[in-house]
Amino acid sequence: MIEILAAIFVLAGGVFSLIAGIGLMRFNDVLMRMHASTKAGTLGSILTLVAPALVFGTMGVTTKVVAGVLFLLLTAPIAAHMIGRAFVRTEKDHKTKTLPGHRGSALLPSPEEAVRRSP
Amino acid sequence: MNALAANLVLAVIWAALTGDISSGSLLSGLVVGFFALWMVQPILGLDPLYFRRMYRSTRLAVFFLWELLKSSVEVAVEVLRPRGRARPAFVEMPLDVKSDLEIMLVANLISLTPGTLSLEVMPDRSTLIVHAMFGDDPDALVASMKNGLERMVKEAFE
């Protein structure tokens, strides 16, 4: 029973990781690609990680799984944040539109300003 | 007495008494200990804030995992749809939380929840710039982020 559940987790993780990869190829904008890689990629990795914890259930395995999941949840969004920010700071002709009533990318600092401000 | 320390000690005792020190028994000890402490809280004079914080942190974690699942399915549907439906847009979200840790949590959680990716915190910490995948109704999006994630983070750290 628990093996079947773990198998479903591994399969679902693989499917989400595959979809994240397809998304990276299909989307035509860096920011949209970041959406695919952070969300689907993170969930795919977490599902794959949880499966061994279900099968083995020992202290050593579970602790490593919990540490791995926490580390993924902490680092994946930060990486996407940094890549996306570098993109909007340096490229001005991205496909994202600014909506009325929102200043959007006009709020973002220019590259020179960003460099001057960064520590 | 420190409620967190008491809860941890109870979890270890529970695991030791059941004769199996594994993550499962420690976790169930933690849960049973939490409810036991909650019941005797007025007698021992424990800090009621601890129970509220634990409850709110757990609620935040469950809510967040659910949102991560939802957002992954949403992205997957968008990836597999033959003709894209995405209307990317920048959205500004005014920030109420002030401390470094809270801002980091809010920004991280926004990146992992449906259709949004945090891009930049303004230097004065008043605004978070968010890239939205479906930017048809930005005001509803901002309202849902503020009432969902940000409120929960604020309550967990209160």
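Residues numbered from 1 in each chain as written. Chains lettered and ligands numbered in written order. Predicted model: local features only at pLDDT ≥ 70, side-chain atom pairs only at ≥ 80, totals over all residues.

**Student:** What is the right way to look at the overall build of chain A in this model?
**Tutor:** Counting its regular elements, chain A contains four helices and one strand. Moving toward the C terminus, one meets the helices and strands of chain A in the order α-α-α-β-α. In chain A, which comprises 119 residues, the share counted as buried stands at 29%. Summarising the internal contacts of chain A: among those between residues at least 6 apart in sequence, 60% fall at separations of at least 24. (Helix = DSSP H or I, 4+ residues; strand = E, 2+ residues; numbered from the N terminus. Buried ≥ 20, exposed ≤ 12 C-beta atoms within 10 Å, placed from the backbone. Contact = placed C-beta atoms within 7 Å.)

**Student:** Help me understand the interface of chain A and chain B in this model?
**Tutor:** By a frequent convention, interface size equals the accessible area lost on bringing the separate parts together. Counting from both sides, the interface comprises 40 residues of chain A and, opposite them, 33 residues of chain B. Among the secondary structure elements, those contributing two or more residues to the side of chain A that touches chain B are α1 (2-26), α2 (30-56), α3 (59-90) and β1 (97-98) of chain A. A breakdown of the residues in the side of chain A that touches chain B according to their chemical character gives 17 nonpolar, 15 polar and eight charged. (Nonpolar A, V, L, I, M, F, W, Y, C, P; charged D, E, K, R; others polar.)

**Student:** Help me understand the pairing of strand β2 (residues 116-121) of chain B in this model?
**Tutor:** For a regular strand, side-chain orientation follows a simple rule: the groups alternate between the two sheet faces. Taking burial as the measure, the six residues of β2 of chain B include five buried ones, the bulk of the element. Linking β2 of chain B to strand β3 (residues 127-132) of chain B, which pair antiparallel, is a turn of five residues; within it Arg-125 of chain B sits at a positive phi near 65°. (Pairing = 2+ DSSP bridges.)

**Student:** Hey, could you run me through the packing of α3 of chain A against helix α4 (residues 100-112) of chain B in this one?
**Tutor:** A pair of packed helices is captured by two measures, namely the crossing angle of their axes and the spacing between those axes. Interhelical geometry of α3 of chain A versus α4 of chain B gives an angle of 85° and a closest axis separation of 9 Å. By the criterion of interaxial angle, the relationship of α3 of chain A to α4 of chain B is roughly perpendicular. Contacts from Pro-77, Ile-78, Ala-80 and His-81 of chain A in α3 of chain A reach Ala-107, Asn-108, Ser-111 and Leu-112 of chain B in α4 of chain B. Of the residues belonging to the contact of α3 of chain A with α4 of chain B, the class tally is five nonpolar, three polar and no charged. (Axes fitted to C-alpha atoms, helices over the stretch in contact; angles between N-to-C directions. Parallel < 35°, antiparallel > 145°, perpendicular 65-115°, else oblique.)

**Student:** Would you take a moment to explain the packing of α2 of chain A against α3 of chain A for this structure?
**Tutor:** Residue and element names in this part refer to chain A. Two elements in contact, α2 and α3, have axes separated by 9 Å at closest approach and are oriented at 175°. Viewed along their axes, α2 and α3 adopt a mutual orientation that is roughly antiparallel. The residue inventory of the contact of α2 with α3, partitioned by class, reads 19 nonpolar, eight polar and no charged.

**Student:** Would you explain the environment of Thr-48 of chain A in this entry?
**Tutor:** Secondary-structure assignment places Thr-48 of chain A in helix α2. Not counting the four nearest positions on each side in its chain, Thr-48 of chain A is found in contact with Val-10, Gly-13 and Gly-14 of chain A.

**Student:** Honestly, the confidence of the model for chain B in this entry has me stumped. Any pointers?
**Tutor:** Low-pLDDT stretches of the model should not have their predicted coordinates read in fine detail. All names here are of chain B. Across chain B, the average pLDDT comes to 82, with 99% of residues at or above 70. The least confident element of chain B, judged by mean pLDDT, is helix α5 (residues 138-156) at 80; the most confident is helix α1 (residues 3-17) at 86. Both scores are given for the predicted complex: the pTM is 0.77, the ipTM 0.74. (pLDDT = per-residue confidence, 0-100.)

**Student:** Even after reading the chapter, I still don't get the environment of Gly-33 of chain B, so can you show me in this structure?
**Tutor:** Residues and elements named next belong to chain B. Note that Gly-33 resides in helix α2 (residues 23-44). Linking Gly-33 and Val-9, residues 24 residues apart in sequence, is a C-alpha distance of 8.8 Å. When sequence neighbours within four positions are dropped, the list of residues in contact with Gly-33 reads Asn-7, Leu-10, Ala-11 and Trp-14.

**Student:** What's the story with the nonpolar core in this structure? I'm lost.
**Tutor:** Buried together is how nonpolar side chains tend to be arranged in soluble globular proteins. If you look at the biggest cluster of nonpolar residues, it comprises 47 residues, and the most contacted ones within it are Ala-40 of chain A together with Val-130 of chain B. Among the elements that make up this core, the one with the highest residue count is α2 of chain A (11 residues). The contact partners of Ala-40 of chain A, leaving out residues within four places of it in the chain, are Phe-16, Ile-19, Ala-20 and Gly-23 of chain A together with Ser-72, Val-75 and Ala-76 of chain B. (Core = buried A, V, L, I, M, F, W, Y, C linked by C-beta atoms within 7 Å.)

**Student:** Before we go on, may I ask you to explain the confidence of the model for chain A in this structure?
**Tutor:** Per-residue pLDDT for chain A averages 80, and the proportion of residues at 70 or more is 76%. Looking over chain A, one finds the lowest element-wise mean pLDDT in β1 of chain A, namely 56, and the highest in α1 of chain A, namely 91.

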